[in-house]
Each structure stands twice: as structure tokens, then as C-alpha cells.
Amino acid sequence: MSHTKAITRSEPSLLLFIVDQSGSMDGAIAGQSSSKAQFVADAINRSIYQLAVKATRDASGPRHYFDVGV
């Protein structure tokens, strides 16, 4: 059973990113030159950027459709 609900400004959605900050995140990803921490930071930054783009309707900037925590 799936749950769907429209995201509106009167009922914004909450996105909470839980990030591992342990020493193991300093290690490189197999086949990559960047660390796991950098990979996660880039992925979260891209996600937040995409949320801002989706929440923007005109030149006035993003509207309040999402609450974000990291």
C-alpha cells in the first residue's frame, strides 16, 4: 500500500538527510579519487539544488514547498 499526498505551500514536505561523519568517510570510493564524504556532500548539494529549482516558479525565488535538514 503506497501513500501519496500533494506537496503544497500550506503543507510542505520535510526532507531529512542523515550523514555519516565517522572517520571511514575519509576513505576513497573504489575507482574514484574523491572521498566518501565528498561524494555524499556533492549528492546532497545536488539534491537541495534540484528542490530549489522545483520550488521556483518565477524570478521571486523559491517558494516554501520543502523543509530540509542535514
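Relevant structure appears above.
Residues numbered from 1 in each chain as written. Predicted model: local features only at pLDDT ≥ 70, side-chain atom pairs only at ≥ 80, totals over all residues. Heavy atoms only, no water.

Peer 1: Before we go on, may I ask you to explain the pattern of salt bridges in this structure?
Peer 2: When their charged atoms lie close together, side chains carrying opposite charge are able to pair. Considering all chains together, one arrives at two salt bridges under this definition. Ionic pairing is found between Glu11 and Lys5, a salt bridge with its closest N-O pair at 2.7 Å. Given a relative accessible area of 57%, Lys5 falls into the exposed group. (Salt bridge = Lys/Arg side-chain N within 4 Å of Asp/Glu carboxyl O. Buried < 20%, exposed > 50% of the residue type's maximum accessible area, 1.4 Å probe, protein only.)

Peer 1: When you look at a nonpolar patch on the surface in this model, what are you seeing that I'm missing?
Peer 2: A contiguous nonpolar surface patch, about 310 Å² in accessible area, is contributed by Val19, Ile48, Val68 and Val70. Looking at where Val19 falls in the secondary structure, it is placed in the loop between strand 1 (13-16) and helix 1 (36-54). By relative accessible area, which is 35% here, Val19 ends up partly exposed. (Patch = residues over 30% accessible without salt bridge, like charges linked within 9 Å, V, L, I, M, F, W, Y side chains within 5 Å. Areas by Shrake-Rupley, 256 points an atom, 1.4 Å probe, with all protein chains shown as cover. Helix = DSSP H or I, 4+ residues; strand = E, 2+ residues; numbered from the N terminus.)

Peer 1: Honestly, the environment of Asp26 in this entry has me stumped. Any pointers?
Peer 2: You can see Asp26 is positioned in the loop between strand 1 and helix 1. Remark: the alpha-carbon pair of Asp26 and Ser2, spanning 24 residues in sequence, is separated by 37 Å.

Function-wise, these values are silent; they only describe arrangement.
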